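A structural walkthrough
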Amino acid sequence: MFSAYSPRAANAYQRINVETSMHTIDQHQLVALLYEGAISSIATARGAMARGDVLGKVNNISKAIRIIEEGLSTALDKVDGGEIAQNLGSLYDYCIHRLILANARNDDAMMLEVMRLIEPVAQGWNEIKKQPAAGVVNAPASGQPVLMEA
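Reading guide: rules and limits
- Residues numbered from 1 in each chain as written.
- Predicted model: local features only at pLDDT ≥ 70, side-chain atom pairs only at ≥ 80, totals over all residues.
- Heavy atoms only, no water.
- Helix = DSSP H or I, 4+ residues; strand = E, 2+ residues; numbered from the N terminus.
- Buried < 20%, exposed > 50% of the residue type's maximum accessible area, 1.4 Å probe, protein only.
- Areas by Shrake-Rupley, 256 points an atom, 1.4 Å probe, with all protein chains shown as cover.
- Axes fitted to C-alpha atoms, helices over the stretch in contact; angles between N-to-C directions.
- Parallel < 35°, antiparallel > 145°, perpendicular 65-115°, else oblique.
- Left-handed = near helix turned anticlockwise from the far one by under 90°.
- Contact = heavy atoms within 4.5 Å.
- Nonpolar A, V, L, I, M, F, W, Y, C, P; charged D, E, K, R; others polar.
- Expected span 1.5 Å × (residues − 1).
- Polar contact = N/O pair within 3.5 Å; in protein donor to acceptor, adjacent residues only side chain to side chain.
- Salt bridge = Lys/Arg side-chain N within 4 Å of Asp/Glu carboxyl O.
- Core = buried A, V, L, I, M, F, W, Y, C linked by side-chain atoms within 4.5 Å.

Turning our eyes to something else, we now look at the overall build of the chain. Looking only at helices and strands, one finds five helices and two strands in the chain. Burial statistics for the chain: of 150 residues in total, 27% are counted as buried. Working note: accessible area of the chain is about 10500 Å², and carbon and sulfur atoms make up 57% of it.

The description of two helices packed together rests on the angle between their axes and the distance between the axes. In contact at an axis separation of 10 Å, helix 3 (residues 54-75) and helix 4 (residues 82-105) are set at 165° when each is read in the N-to-C sense. It follows from the interaxial angle that helix 3 and helix 4 lie roughly antiparallel. Note on packing geometry: the crossing formed by helix 3 with helix 4 is left-handed. Mapping the contact onto sequence places Lys57, Val58, Ile61, Ala64, Ile65, Ile68, Glu69, Leu72 and Ser73 in helix 3 and Tyr92, Cys95, Ile96, Leu99, Ile100 and Asn103 in helix 4. Residues of the contact of helix 3 with helix 4, tallied by class, amount to 11 nonpolar, two polar and two charged.

Okay, the packing of helix 4 against helix 5 (residues 108-130) next. At a minimum axis distance of 8 Å, the contact between helix 4 and helix 5 shows a crossing angle of 155°. Of the possible angle classes, the one that applies to helix 4 and helix 5 is roughly antiparallel. Of the two elements, helix 4 crosses helix 5, and the hand of that crossing is left-handed. Together, Leu88, Leu91, Tyr94, Cys95, Arg98, Leu99, Leu101, Ala102 and Arg105 of helix 4 and Met110, Met111, Glu113, Val114, Leu117, Ile118 and Val121 of helix 5 make up the contact between the two elements.

Its 25 residues place the ends of helix 2 (residues 27-51) 36 Å apart at the C-alpha level, agreeing with the 36 Å of an ideal helix rising 1.5 Å per residue. In this structure Asp26 caps helix 2, since a side-chain oxygen of it lies 3.2 Å from the backbone nitrogen of His28. Residue Gly52 follows helix 2 closely and has a positive phi angle near 85°.

Turning our eyes to something else, we now look at the pattern of salt bridges. For the coordinates displayed, the defined rule picks out six salt bridges. A salt bridge links Arg46 to Asp108; the nearest nitrogen and oxygen atoms lie 2.7 Å apart. On the criterion of sequence distance, the pair formed by Arg46 in helix 2 and Asp108 in helix 5 is long-range, its members being 62 residues apart. Owing to a relative accessible area of 23%, Arg46 belongs among the partly exposed residues under this scheme.

With that settled, the discussion passes to the nonpolar core. Core analysis: the biggest nonpolar cluster contains 29 residues, and Tyr35, Ile42, Ile68, Leu99, Met111 and Ile118 have the highest contact counts within it. Contributing elements (two or more residues each) for this core: helix 2, helix 3, helix 4 and helix 5. Discounting residues that sit within four places of it in the chain, Tyr35 has contacts with Leu72, Leu88, Tyr92, Ile118, Val121, Ala122 and Trp125.

Structurally, the position occupied by Ser90 is in helix 4. With 17 residues separating them along the chain, Ser90 and Ser73 place their C-alpha atoms 9.4 Å apart.

Written as structure tokens, this is what we have:
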């Protein structure tokens, strides 16, 4: 009735699920997921290194680098982003450099440093979504946003 488990079919299903999700989430959620993925990959790499799993360490550091380089860095608006975009770009470049060195030197402290640099930025990013837009207040009766006079 059912065929045996196929890793290839499971990977295809997961890829389709991710691609479908990408069309239903907003840009803010996407960046939050990128931060979460980078932090998770670094944590997994640290665990792999502690276990002596060289392939696991290398793969997860590579994944974190790709997330930072191809996801977070390319999402920056370097034209209109001003000083914040420049600072984040510099931070991402530094993190990539440190992860490459951590991989080459098997240095857990460097990986931990990168996690500690990215985590507060990720937390700050998540807090942005929780804040109501400036000048907008929810009316208690209707629940509809009401613009406040300045």
